[in-house]
Amino acid sequence: MAAGLCRSPLWDANVTWYTSDPDFTPCFQDAVLALLPVAYLLIVAPYRFLRLKQKPYKVLPWGSLSCLKLVVVGVLMCFAAFESIFALTEISAGEKKVPITVLSPLIIMLAMIIVALLLNWERKHGIRSSGYLVIFWFIAICTGVIRLRSDIKYAKEKNEVPPSIFIHYPCLLFGFILSCLVDEKIQEATENVDEKPCPEKESSFLSQITFWWFTGMVIQGYRKALTTEDLWSLNKEDKAEYVASKFYKKWNLVKEVPPVGSIFDGDIQEASFVFKEGSAILTPYTPGLDEGKTPKRSLLSALVRTYFWFFTKAAILKFIYDCMVFVSPQLLRLLIQFTSSDEYLWRGFFYSSVLLFLSVMQSLILHQYFHFTFLLGMRLRSNIISVIYKKTLHLSNSAKRSSTVGEIVNLMSVDAQRFMDLTTYLHMIWSGPFQISLALYFLWQTLGPSALAGIAVMILLIPINGLIAHKVRQYQILQMKLKDSRIKLMNEILNGIKVLKLYAWEDSFEKQVLDIRSKELNVLKKSAYLNALTTFFWTCAPFMVSLTTFGVYVLSSPDHVLDAEKAFVSLALFNILRFPLSMVPTVITNLVQANVSLKRLQNFIDHKEIDPDNIESLDYGGKDAIQILDGTFAWVEESNTLKNINMYVEEGSLVAVVGAVGSGKSSLLSAILGEMDKSSGTVFVRGSVAYVAQQAWIQNDTLQKNILFNKELDEQRYQKVVNACALIPDLKLLASGDQTEIGEKGINLSGGQKQRVSLARAVYADSDVYLLDDPLSAVDSHVGKQLFDEVIGPEGMLKKKTRVLVTHGISFLPQVDKIIVLVDGQVSEAGSFRELMTLNGAFAEFLRNYLNEELTEEKAGALGEADIKSVREEILSQLGSCAGDEKELQRQVSKISERIRLDSEARGSTNSLSSGLRKRIGSSEVDLVEEKEKLINGQPKGQEEKDKLIQAETAETGRVKMAVFMAYIRAVGPTLSVVIMIFYVLYNGTSIYANIWLSEWSNDARDPNITSDTSQRDLRLGVYGALGLAQGVTVMACAFITALGGIAASRELFFQFLGRLLRSPLSFFERRQTGVILNRCSEDMAELDYVVHFSVRSMLMVVLSAVGTAIVMAYATPWILVMFPILAPPYLLAQVLQDTFLRKKNIVK
């Protein structure tokens, strides 16, 4: 085929390899080198066009750079057409031309057309820098340099300069330079512009693969301590909202309604779907279907579907890197052969250049691989946390009993982190066996069948590792259960810290926590034994493989001599083999831990959820806003709390729900909200619902934001709500008005203030239906009357809204439209006040019981509000009239009436004083508003920080202080720390000397007298084996002692932490969020238990290995010391990068 296309052969080794002036044949240059970039383009172009078709149009403006790119492509296209036409002209003139001289320019012209189309298509889709085209131009430059050398050589020989030297090759270089630059940016709308966008997406392809875009942050981090304000915003693809939306599309595979469009602008353009509320975690609840038969969804399969392609990209990079790793030993073999032979000098430069280029490419690919895996881990963690959070909001009542706060905290902090840690080296599951297989193959090529001995050693280690992994998994499950118990107890302690301090129970609870912690550390110690044993086996594995392979090789035949080529190439392969063999146990351990966490997460996700069909919306034009038809509800299955409920609430009416304690009033509101399990019946609700709980829920935020609750501020409505809810006097008392920070759980507000803030939040929400669970019980009687008159009552702000009020205040009942009486979870009576009084049934009995309580209560003023005495007198008169001949009730009525009369006379002056106070409050309302505006707009920033109640969590910046290291060493124990250092020095000493011994062994091959000496051979083999065994023993001791030291430090530091925490003053807990303290007990303690001692171990291994290597190099080749000053700047730059990374990590944490 080549003979028909070209005049010269396609390949000629005498021209290319066996010569002092190497070159490729003209046919190879025209048919292979010229068309290699075209072949790449034809492969990637269809995929690229398909990907661009799925992206939205985001047209970039025509700029000078984009125009220049098209001009360069046009020049190359025209030049290719010129070459093709010129060749055809010469053929028509009778000159003999081979077909390749015509075909090659035509194919290049076709490639330039594709490049022009791709440039325009990417411009229309907002691609400012194309990696595909950068690679195309790079390949074209590499092949063009070779062809340029041949053209220059041809010009010198023939004294004829081809035009391509001045047109084609400069255009290739210019095209490559232009492709490395970034096109002009789109001018986006001001409201859509991020204040501090991440420069990664806006940088060029070269900047992205070299991480040059991060240089600005490195410089800034070196100059000063970074804060959260210095960090860039997250990329859209990394934000939790975007990540969660992608996950739920894979989680909810079945469409419930037609598509409603895309959620975000950008890469995800597939239709998003609206799902019924509450069905985003489990499959939608099917009434009548047994829960055990409800199909469950697998979290793992949903994660795999979501991130499969992202995972595959990292796998492709890892595969390319693994293949490149095994090229280096082959180049090393060629270099050793080159030094011991008289090959052409250019081959040595060629081998060295290829080795350098290979190292650079390995570094680029490996770091891109890690970038992918770290991003995947971060997105997995965000996904899992969002799933847990969403599931927590939808848990059923029975599920809430089995899922403790401690378990949920651990799921979000520890178990989610397990997946993030796993993704970094998860590819070792397939990459490890792949690398091992390739290493053994090349070892077979180097040492022959002796490599089978190494395979046998590895096969023997597999069942041992499996048994250890099984035991580690059991300990991991037990340890996580103990951790859940500890976090649950710590949460109870923090929630009840006031009571604990009041009764001085610190020592008792400290003992309980420490008992659980002691059991947890005992489990960690058992795991440390197993991990040390695993480290021993897998550290010895590469050495045992090399020992058995070398031993079998030299003992199997007298002709087998271990020379430098075999020794160092085999050693390079064994070093490659060391990483997968040593990482396999780590990955298996991480897999075991992640599997335990996955089961815990799956078990939590499989919990039953609140049925979204408990409540149905009223969509017909009736007059009722709430309907309950034959409703039966339960908090716990098979134990109904509400039975046979029939309830009708007209739109815009005020309905009161009364009953004795425990009769089910609050449960009725929960049933309307859909929070209870519905056993039977139907519940209809029209419009939006606002709920005011009996126990007010307050956020750790300003008072204003507690009322607004993420709604836009309407100043006029806000002032009206604050005034109606009797918050004006409280705002005047607070230091910063409505900008005063409210502590966690409203720690700096009274019970009445919290209830009024909660009511104000509901009123400001402007909902259609209001469910009020006795909000007036927590306030004084005169404040309760004001709230009823100005907010809840017939003339209040909510007079046009539907209101369901649970109350014990009988003075408000005559003003309501309807009263529902509950007795033992059933509706006993329903009607207006006068209707129920006439019936003389359960409602009358309720009033009698209430009056009996009032009669026996000796507190002054319990019935003495002059403003409401007439209402109560009316109730008493009606009760007396409907009581008939019941003399006992008449006596009670007369006694209470007398108390009201006397109390009214005694409090006459008090009423006038209260009236004057209210007038003063009313007159000062304008002044208060002005003061509030001053507090909002004019308060100095320093004063705001000073008045801040909850202290923000701070982190140390800069380098870690020596005091921190010394504190950890003291916690480990000085003696144990010295022992750890000694064993690490011994391990590195034996490791280095083993390599020296192997080097001397390979040098024996130069002396025929030594190679024939069996005693010398046995000595070399025996000492090499002893050194390997010493390495295994010392590294096992290192792992075990380091783990014991880490556990000892965890025990001591947690003991100090807990003691100081429980003995801190109450103000400490009031100024810190509970979640911050719980994170110290869960996530940070997990870091101390697992990560810190492993990091210490890695640090000692790396530092001692680097020092040992430098000493050996200086001893063997003293002139190498000259290179150390040259290597210092990159090392210092690496230190700067590391410091910046640690600072950013501290900010994130």
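Here the residue numbers are simple positions, counted from 1 along each chain's written sequence. Local features are withheld for residues below a pLDDT of 70 in this predicted model, meaning they are given only at 70 or higher, and side-chain atom pairs are given and counted only at 80 or more; totals for whole chains, interfaces and linings count all residues. Side-chain metrics rest on all non-hydrogen atoms present in the structure, leaving aside hydrogens and water.

Here we look at the overall build of the protein
So, point 1. Scanning the protein for helices and strands turns up 42 helices and 10 strands.
So, point 2. Within the span of the protein, comprising 1149 residues, buried residues form 44% of the whole.
So, point 3. Put simply, of all contacts in the protein between residues at least 6 apart along the chain, 78% involve residues at least 24 apart.
So, point 4. Roughly 58100 Å² of accessible area belongs to the protein as shown, and the carbon and sulfur atoms make up 62% of that amount. For helices the rule is a DSSP run of H or I covering at least 4 residues; for strands it is a run of E covering at least 2, with both sets numbered from the N terminus onward. For every residue, the accessible area (1.4 Å probe, protein chains only) is compared with the maximum for its type, and the residue is labelled buried under 20%, exposed over 50%, or partly exposed between those bounds. Working rule for contacts: check all heavy atoms of both residues, and any pair within 4.5 Å makes them a contact. Residue exposure ignores everything except the shown protein chains as possible cover, and the areas themselves are Shrake-Rupley values with a 1.4 Å probe.

A closer look at the pairing of strand S10 (residues 826-831)
So, point 1. Where strand S9 (residues 818-823) lies against S10, five bridges are found, and the strand directions are antiparallel. When the sheet's bridge partners are listed, Leu 822 is paired in S10 with Val 827.
So, point 2. Hairpin remark: S9 followed by S10, antiparallel, with two residues in the connecting loop; positive phi at Asp 824, about 55 degrees. Pairing between two strands requires that DSSP report at least two bridges joining them.

Here's the deal with the packing of helix H20 (residues 506-556) against helix H38 (residues 1014-1062)
So, point 1. Running from amino to carboxyl end, H20 crosses H38 at an angle of 165 degrees, the nearest separation of the two axes being 9 Å. If you check the angle between H20 and H38, you find them roughly antiparallel. Judged by the twist between their axes, the crossing of H20 over H38 is right-handed.
So, point 2. Here the nonpolar group is Ala, Val, Leu, Ile, Met, Phe, Trp, Tyr, Cys and Pro; Asp, Glu, Lys and Arg are the charged ones; every other residue, Gly included, is treated as polar. Class assignment for the residues of the contact of H20 with H38 results in 30 nonpolar, 12 polar and seven charged. Lines fitted to the C-alpha atoms define the axes, with helices restricted to the stretch that makes contact. Angles between their N-to-C directions range from 0 to 180 degrees. Roughly parallel means an angle under 35 degrees; roughly antiparallel, over 145; roughly perpendicular, 65 to 115; everything else is oblique. When the near helix sits turned anticlockwise from the far one by under a right angle, the crossing is termed left-handed; a clockwise turn instead gives a right-handed crossing.

Some remarks on the packing of helix H5 (residues 64-92) against helix H6 (residues 100-124)
So, point 1. Relative to each other, H5 and H6 sit at 160 degrees, their axes nearing to 8 Å. In terms of orientation, H5 and H6 fall into the roughly antiparallel class. Note on packing geometry: the crossing formed by H5 with H6 is left-handed. Contact residues: Lys 69, Leu 70, Val 73, Leu 76, Met 77, Ala 80, Ala 81, Glu 83, Ser 84, Ala 87, Leu 88 and Ile 91 in H5; Thr 101, Val 102, Pro 105, Leu 106, Ile 108, Met 109, Met 112, Ile 113, Val 115, Ala 116 and Leu 119 in H6.
So, point 2. Counted by class, the contact of H5 with H6 contains 19 nonpolar, two polar and two charged residues.

Re the packing of aromatic side chains
So, point 1. Working definition: a ring pair exists when centres of Phe, Tyr or Trp rings (six-membered ring for Trp) sit within 6.5 Å. Plane angles under 30 degrees give stacked, over 60 give edge-to-face, the rest tilted. Within the structure shown, the criterion is met by 36 aromatic pairs.
So, point 2. Considering the side-chain rings of Phe 247 and Trp 251, the 5.4 Å spacing of their centres and the 35 degrees angle between planes classify their relative orientation as tilted. On the criterion of helical spacing, the pair formed by Phe 247 and Trp 251 is a turn pair, its members being four residues apart in helix H11 (residues 240-251). Trp 251 shares its class with Phe 247; the two are buried.
So, point 3. Seen in terms of ring centroids, Phe 308 and Trp 309 are 5.3 Å apart; in terms of plane orientation they differ by 75 degrees. Their pairing is edge-to-face.
So, point 4. With a relative accessible area of 41%, Phe 308 lands in the partly exposed category.
So, point 5. What links up through ring pairs into an aromatic cluster is the set Tyr 369, Phe 370, Phe 374, Tyr 425 and Phe 579.
So, point 6. A positively charged side chain is recorded as over a ring if its NZ (Lys) or CZ (Arg) lies within 6 Å of the ring centre. The angle to the ring normal must also be within 35 degrees. Taking the ring centre of Tyr 248 as reference, the NZ or CZ of Lys 390 above it sits at 5.8 Å.
So, point 7. Across from the ring centre of Phe 1054, 5.0 Å away, lies the NZ or CZ of Arg 517, which sits over that ring.

A closer look at the sheet that holds strand S1 (residues 616-617)
So, point 1. Ordered by their spatial adjacency, four strands build an open sheet running S1-S5-S2-S3, and the pairing between neighbours is mixed. One side of each edge strand has no neighbouring strand; the edge strands of this open sheet are S1 and strand S3 (639-650).
So, point 2. The pairing of strand S2 (residues 624-636) with strand S5 (residues 677-685) spans seven bridges and is classified as antiparallel. Within the sheet, the bridge partner assigned to Thr 632 lies in S5 and is Ser 680.
So, point 3. Each of S2, S3 and S5 touches helix H22 (residues 665-673); the most contacted strand, S3, lies at about 70 degrees to it.

Structural notes on the side chain of Arg 803
So, point 1. Here Arg 803 is to be found in strand S8 (residues 802-806).
So, point 2. For the purposes of these results, a polar contact is taken to be a pair of N or O atoms within 3.5 Å, where, inside protein, one atom must be able to donate a hydrogen and its partner to accept one; residues adjacent in sequence count only when each atom of the pair is a side-chain atom. Among the polar contacts made by the side chain of Arg 803, one reaches the main-chain carbonyl oxygen of Ile 792 at a distance of 2.6 Å.
So, point 3. A distance of 3.2 Å separates a polar side-chain atom of Arg 803 from the backbone oxygen of Gly 793.
So, point 4. Once residues within four sequence positions are removed from consideration, Arg 803 is found in contact with Gly 652, Ser 653, Leu 654, Val 655, Tyr 770, Ile 792, Gly 793, Pro 794 and Leu 798.

Observations regarding the sheet that holds strand S4 (residues 654-659)
So, point 1. An order of S6-S7-S8-S4-S9-S10 is seen for the six strands of this open sheet, with the pairing classed as mixed. What marks the edges here is a single partner per strand, and that holds for strand S6 (689-692) and S10. Taking each pair of neighbouring strands and ignoring which way they run, the sheet shows an average axis angle of 15 degrees.
So, point 2. Packed on one face of the sheet, helix H26 (residues 751-765) meets S6 and strand S7 (769-773) and runs near 175 degrees to S6.

Some words on the nonpolar core
So, point 1. In this structure, Phe 247, Leu 299, Phe 550 and Trp 1001 are the most contacted members of the largest nonpolar core, which totals 82 residues.
So, point 2. Of the residues forming this core, the biggest block, 13 residues, is contributed by helix H21 (residues 564-605).
So, point 3. Residues contacting Phe 550, with those up to four places away along its chain left out, are Leu 447, Leu 562, Ala 567, Ser 570, Phe 574, Leu 998, Trp 1001 and Tyr 1024. We define the nonpolar core as a collection of buried residues of types Ala, Val, Leu, Ile, Met, Phe, Trp, Tyr and Cys that are connected through side-chain atoms lying within 4.5 Å of one another.

Details of helix H12 (residues 299-325)
So, point 1. The bend reported for a residue corresponds to the angle between axes fitted to the seven residues ending at that residue and the seven starting there. The largest bend along H12 reaches roughly 60 degrees and is located at Tyr 307.
So, point 2. For H12, the side-chain oxygen to backbone nitrogen distance between the N-cap and Leu 300 is 3.5 Å, and the N-cap itself is Ser 298.

Topic: a nonpolar patch on the surface
So, point 1. Without a salt bridge and with relative accessible area above 30%, a residue can belong to a patch; like charges are then joined within 9 Å and nonpolar side chains (Val, Leu, Ile, Met, Phe, Trp, Tyr) within 5 Å. Salt bridge criterion: a side-chain nitrogen from Lys or Arg within 4 Å of a carboxyl oxygen from Asp or Glu. A cluster of nonpolar side chains, contributed by Trp 1119, Leu 1121, Val 1122, Met 1123, Phe 1124, Ile 1126 and Leu 1127, occupies part of the molecular surface with about 710 Å² of accessible area.
So, point 2. Here Met 1123 is to be found in helix H42 (residues 1123-1148).

What about the pattern of salt bridges?
So, point 1. Tallied over the entire structure, the rule returns 26 salt bridges.
So, point 2. Salt-bridge contacts for Glu 343 lead to Arg 347; the nearest nitrogen and oxygen are separated by 3.1 Å.
So, point 3. Between Glu 510 and Arg 1063 there is a salt bridge, and its shortest N-O distance comes to 2.9 Å. Taken as a pair, Glu 510 in helix H20 and Arg 1063 in the loop between H38 and helix H39 (1066-1070) lie far apart in primary sequence, 553 residues in all.
So, point 4. Glu 510 gets classed as buried once you look at its relative accessible area, which sits at 9%.
So, point 5. Accessibility expressed as a relative area gives 44% for Arg 1063, which makes it partly exposed.

Regarding the pairing of S2
In summary, the side chains of a regular strand alternate between the two faces of the sheet.
So, point 1. Pairing between S2 and S3: eight bridges, direction antiparallel. In the strand pairing of S3, Gly 631 is matched with Ile 645.

Examining unusual backbone geometry
So, point 1. The residue Phe 709 is not glycine, and still its phi comes out positive at about 55 degrees.
So, point 2. In this structure, Phe 709 sits in the loop between helix H23 (703-708) and helix H24 (715-724).
So, point 3. Classification of Phe 709 as partly exposed rests on a relative accessible area of 38%.
So, point 4. The backbone of Asp 766 sits at a positive phi, close to 55 degrees, despite the residue not being glycine.
So, point 5. Secondary-structure assignment places Asp 766 in the loop between H26 and S7.

Distances and angles like these do not, on their own, reveal function.
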